[in-house]
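# Fold and contact review
What follows is each chain in one-letter form.
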Amino acid sequence: MRTALFLFVFLQTVSYVVTVHLECRDCICTITNWNPGVDGPLAVDWILRCEMDLYFVNLTTPTIALDHIDRMDLVSKFYINIAKSPIQNVYMSSRAKIFRLTLTETNLTDIRFECQNNKLEFFTIIESRISVLPDSIKLLSNVKAIHVLKSFLKFIDFSLFSKLSHLEHISLSYNEIESLQFPDGQSEDFGKLKDILLSNNFLTTVSMNNFNNMRALETLDLSNNRIVSFEGHLESNSLRNLDLSHNRFDALSFCGWNLTGLTKFDANNNILMQLPACMETTMSSVSYLMLSSNVLSGGEIWPQLATMTNLQMLDVSHNRLTSLVWCSTVLSLRFVTARNNQIKELRVPFAKEGFNVDAGCNAIEQFDPSSMSPNVTFLQMQCNPLDCSWNRDLMNYTGDAKCVKNVTNCKSCQVESEIGIS
């Protein structure tokens, strides 16, 4: 039986002729060099009784309407992928049985969705010319994920997403977003939204209280922006991962915040001069704390960090710390990375079993191995003036540490410093 693919389009006729290539296998079809106005509808020589993937490559028409695809009653769902095509406009009918729509490397500037579209669940645009999200996005009543990446978005109105009761993931990374607007919070808004990814944009200031009514939010990624300050207080019991890395702020205060469920906090690559105020009380459940490539100095940070009883991994490498003195038996902490600082004093008299310390590329000239707890299983002191490194698990080490003086500078430390700065 011959079953036609009814993909009717609005088109501009091209003056040249190319050969349409259609290749199908196991309900996956790749269509190359197709212009519907010149080549007519496509046809497949078998009955389709499955979910079907359609890959359009070099779709040679600037405007396409995905319509009447519902006439193929034997296909339960379509996954439409349009790639490497000069297409500029897309219109999607509510009748189209399209479960996933992906547009990659196109000239897309506008996309519209018909009212009562309850079929589309995954919507993705990558590398396009689109600069504004269409209002019709709010009509996607069943959508679960919206991804618009590597495009030219400059402003985001979150009211477009607030009533989408099935929406779980929003990714708008690698755009040119400068500002965010949020609706007045209502308890039923953003009911299932788990992830908001806004990395690699142009944000400079963010009002954190706008995220407080997102009761299911688990991940908030604001990394790789130009943020110099945060306004408001973030209060969330659901948030697990907060990424503020690669921005431009020199101070943070978490006083008044409440993040009781947070397990991972990343503030790498900023210009923090001291630990965020109230961090130990606001983020008491944090397990993974990343503070590398800032300008933390001295040695006053350690008593404050020692009160974070759920901490498992701490990274303070590439700062300006002058000491590492850990005198706490914090139950969970196992890994401390403090490479590429200016540490001269290293002592860990108390530690839980299996404690690991990486203090390579520092300035330690004097060191007493007896100042380290027997529970320090791994010690890395490579590229210090004095190297007393050990790995008790690997070497079955039980005796005294063997220390070696380094008389030359380590090139590896210089390379690490350059990478850390970048």
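Residues numbered from 1 in each chain as written. Predicted model: local features only at pLDDT ≥ 70, side-chain atom pairs only at ≥ 80, totals over all residues. Heavy atoms only, no water.

Let's shift gears to the overall build of the protein. Looking only at helices and strands, the protein features 5 helices and 33 strands. Across the 422 residues of the protein, 50% fall into the buried class. Considering only contacts within the protein whose residues lie at least 6 apart along the sequence, 43% involve residues at least 24 apart. (Helix = DSSP H or I, 4+ residues; strand = E, 2+ residues; numbered from the N terminus. Buried < 20%, exposed > 50% of the residue type's maximum accessible area, 1.4 Å probe, protein only. Contact = heavy atoms within 4.5 Å.)

Within the secondary structure, Asn294 sits in the loop between strand 22 (288-290) and strand 23 (297-298). Among the polar contacts made by the side chain of Asn294, one reaches the main-chain carbonyl oxygen of Ala267 at a distance of 3.1 Å. Residues contacting Asn294, with those up to four places away along its chain left out, are Ala267, Asn268, Asn269, Asn270, Ile271, Leu272, His318 and Asn319. (Polar contact = N/O pair within 3.5 Å; in protein donor to acceptor, adjacent residues only side chain to side chain.)

This part is about the confidence of the model for the protein. Put simply, the protein has an average pLDDT of 86, and 84% of its residues get 70 or more. Within the model, pLDDT remains below 50 along residues 44-48, and this stretch shows 17 contacts once partners closer than five positions in the same chain are excluded. (pLDDT = per-residue confidence, 0-100.)

The tally for this structure, following the rule as stated, stands at 4 disulfides. Here Cys255 engages in a disulfide with Cys278; their sulfurs sit 1.9 Å apart. Measuring the twist about the S-S bond at about 75°, one finds the Cys255-Cys278 disulfide to be right-handed. With Cys255 in the loop between strand 20 (241-243) and strand 21 (264-266) and Cys278 in the loop between strand 21 and helix 2 (279-282), this residue pair connects regions lying 23 residues apart in the sequence. Classification of Cys255 by relative accessible area gives partly exposed; the value is 33%. (Disulfide = S-S within 2.5 Å.)

Here we come to the pattern of salt bridges. Throughout the structure, instances matching the rule amount to 9 salt bridges. Among the salt bridges present, the one from Arg112 reaches Asp110, with a minimum N-O distance of 3.8 Å. Taken together, the shared-partner salt bridges connect Lys163, Glu188 and Asp189 into one network. (Salt bridge = Lys/Arg side-chain N within 4 Å of Asp/Glu carboxyl O.)

With that out of the way, let us pick up the packing of aromatic side chains. Summed over all chains, the structure comprises 11 aromatic pairs. With a centroid separation of 5.4 Å and 85° between ring planes, the pair formed by Tyr79 and Phe99 is classed as edge-to-face. Linking Tyr79 in strand 7 (residues 78-85) with Phe99 in strand 9 (residues 98-106), this pair joins segments that are 20 residues apart in sequence. Plain terms: the ring middles of Phe254 and Trp257 are 4.7 Å apart, the flat faces sit at 55° to each other, and that makes the pair tilted. For the pair formed by Phe254 and Trp257, the shared burial category is buried. Each member of the aromatic cluster is reached from another via a ring pair, and the members are Phe158, Phe161, Phe182 and Phe211. Sitting over the face of the ring of Tyr174, Lys150 holds its NZ or CZ atom 5.9 Å from the ring centroid. (Phe/Tyr/Trp six-rings, centres within 6.5 Å; stacked < 30°, edge-to-face > 60°. Lys NZ or Arg CZ within 6 Å of the ring centre and 35° of its normal.)

Soluble globular proteins tend to bury their nonpolar side chains together. In this structure, Phe161, Leu242 and Phe265 are the most contacted members of the largest nonpolar core, which totals 107 residues. Setting aside residues up to four positions removed in sequence, Phe265 forms contacts with Leu242, Leu244, Leu252, Phe254, Met283, Val286, Tyr288, Leu289, Met290 and Leu291. (Core = buried A, V, L, I, M, F, W, Y, C linked by side-chain atoms within 4.5 Å.)

This part takes up the sheet that holds strand 8 (residues 89-92). The strand order 6-8-10 describes an open sheet built from 3 strands, whose pairing is parallel. This sheet does not close on itself; its edge strands, each paired only once, are strand 6 (63-66) and strand 10 (110-113). On average, each strand axis in the sheet is tilted by 10° relative to the strand beside it, whichever way the strands run. Here 4 bridges tie strand 8 to strand 10, and the two strands are oriented parallel to one another. Bridge pairing links Tyr91 to Arg112 in strand 10. (Pairing = 2+ DSSP bridges. Axes fitted to C-alpha atoms, helices over the stretch in contact; angles between N-to-C directions.)

With a phi angle near 55°, Asn224 is a residue other than glycine that sits in the positive phi range. Position of Asn224 relative to the elements: it lies in the loop between strand 18 (219-221) and strand 19 (229-231). Not every positive phi belongs to a glycine, and Cys383 is a case in point at roughly 65°. In this structure, Cys383 sits in the loop between strand 30 (376-380) and strand 31 (386-387).

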